[in-house]
Amino acid sequence: MSYEGWLTLIKSADKSSALEGNARKVYYRFPDGKEMAEEYSTTTGVVLRRAWKNKSALMQKEEWLVELGEPLPVGLTENEIMMRESSSEPTLFKRLTRNSIEWRIRNLPYPISNYAVMCDEQEKTITVRTTNKKYFKKIQVPEFVRCNIGPKQEDISVVHKNSTLIITYKKPVILLEMEKAVLMALQDVETVEYNNIHCENLLSDLMIQ
């Protein structure tokens with residue numbers, strides 16, 4: 001399996017887990033000191049958020065860098081959040097479904113004919129550019145790196161609506177296998193219970209849905 005390195009890393013981490021509402025939150029501390037946090041849906045088993053703790057060289061300040069999901073800005077009022085979201089600058093966020101990886105780039109008002117979305121199998125990236133040269137983005141895809149696969153052009157689809165470019169990539173079988181293997185690795189992690197939700201066999205149930 002080409003994802004063995006990632007699975008070994010997951011297994012080697014010190015892990016803790018807690019249920020909050022409809023989400024299971026898992027915290028990892030790896031042998032090299034790195035930290036990761038994930039949030040899983042308890043109804044689908046899909047990862048909703050993934051973030052890594054990064055210590056910047058300047059002032060040694062620690063901050064969470066989001067790999068997956070749309071983070072809620074910390075310390076902002078509701079009005080400030082709405083103002084930030086209404087900015088004219090394009091913003092990219094990524095989410096997973098059971099069968100696909102999806103990227104949404106907001107504040108791109110150009111018609112669909114302006115966009116070229118190309119896969120690079122060697123670099124394991126997806127590049128988005130516009131014919132009017134108003135936007136360019138090379139999207140890094142950690143899942144491709146962890147599975148040691150290159151993206152295939154035929155597995156990608158693109159739509160544009162409400163000034164948002166939506167890029168959908170069909171998950172390959174090996175990625176689905178990796179996600180299931182990670183769920184199995186998390187099965188024995190003790191989970192704190194909230195709201196009278198019982199954790200017994202939770203991940204086993206998720207894996208067969």
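Please refer to the structure higher up on the page.
Small disclaimer: the values here were computed from a predicted structure and weren't measured. (Residues numbered from 1 in each chain as written. Predicted model: local features only at pLDDT ≥ 70, side-chain atom pairs only at ≥ 80, totals over all residues. Heavy atoms only, no water.)

Visitor: I would appreciate a short explanation of the environment of Leu176 in the present structure.
Guide: With respect to the helices and strands, the residue Leu176 is situated in helix H4 (residues 173–186). Sequence-wise, Leu176 and Ser100 are 76 residues apart; in three dimensions their C-alpha atoms are separated by 9.5 Å. (Helix = DSSP H or I, 4+ residues; strand = E, 2+ residues; numbered from the N terminus.)

Visitor: I would appreciate a short explanation of the nonpolar core in the present structure.
Guide: A general trend in soluble globular proteins is that nonpolar side chains are found buried together. Counting 41 residues, the largest nonpolar core has Tyr28, Ile126 and Ile167 as the members making the most contacts within it. If you tally residues by element for this core, the top one is H4, at seven residues. With residues near it in sequence (within four places) discarded, Ile126 still touches Trp103, Val117, Met118, Cys119, Lys137, Lys138, Ile139, Val141, Phe144, Ile156 and Tyr169. (Core = buried A, V, L, I, M, F, W, Y, C linked by side-chain atoms within 4.5 Å. Buried < 20%, exposed > 50% of the residue type's maximum accessible area, 1.4 Å probe, protein only. Contact = heavy atoms within 4.5 Å.)

Visitor: How do you make sense of the side chain of Thr127 when you look at a structure like this?
Guide: Relative to the assigned elements, Thr127 resides in strand E9 (residues 125–130). Those residues in contact with Thr127 that lie beyond four places of it in its chain are Ala116, Val117, Met118, Phe136, Lys137 and Lys138.

Visitor: What exactly am I supposed to notice about the packing of aromatic side chains here?
Guide: Here a ring pair, both rings aromatic, is described through the centre-centre distance and the interplanar angle of the planes. Going through the model one piece at a time under the given rule, you end up with five aromatic pairs. Taking the centre distance of 6.2 Å and the plane angle of 55 degrees together, the rings of Trp6 and Trp52 count as tilted. With a gap of 46 residues between them, Trp6 in helix H1 (residues 4–12) and Trp52 in strand E4 (residues 47–55) connect regions that are remote in the sequence. Pairing Tyr28 with Phe30 gives two aromatic rings, centres 5.9 Å apart and planes at 5 degrees, and the pair type is stacked. Taken as a pair, Tyr28 and Phe30 share a single burial class, namely buried. (Phe/Tyr/Trp six-rings, centres within 6.5 Å; stacked < 30°, edge-to-face > 60°.)

Visitor: What should I look at first to understand the pairing of strand E8 (residues 115–120) in this one?
Guide: For a regular strand, the rule is simple: side chains alternate between the two faces of the sheet. Burial along E8 is one-sided: Tyr115, Val117 and Cys119 are buried, and none of Ala116, Met118 and Asp120, which face the opposite way, are. Judged from the six bridges that link them, E8 and E9 form a sheet pairing that is antiparallel. Looking at E9, one finds that Val117 is bridged to Val128. (Pairing = 2+ DSSP bridges.)

Visitor: For this particular structure, what's the right way to read the sheet that holds strand E10 (residues 136–140)?
Guide: For sheets, the rule is that strands pair by backbone hydrogen bonds, running either parallel or antiparallel. With antiparallel pairing, the three strands of this open sheet are ordered in space as E8-E9-E10. Two strands bound the open sheet, and with one partner strand each, they are E8 and E10. Averaged over all adjacent pairs, the angle separating strand axes in this sheet is 15 degrees, with direction ignored. Sheet topology places E9 next to E10; five bridges connect them, and they run antiparallel. Residue pairing for E10: Arg129 is matched across the bridge by Phe136. (Axes fitted to C-alpha atoms, helices over the stretch in contact; angles between N-to-C directions.)

By themselves, these are just geometric observations and shouldn't be taken as functional.
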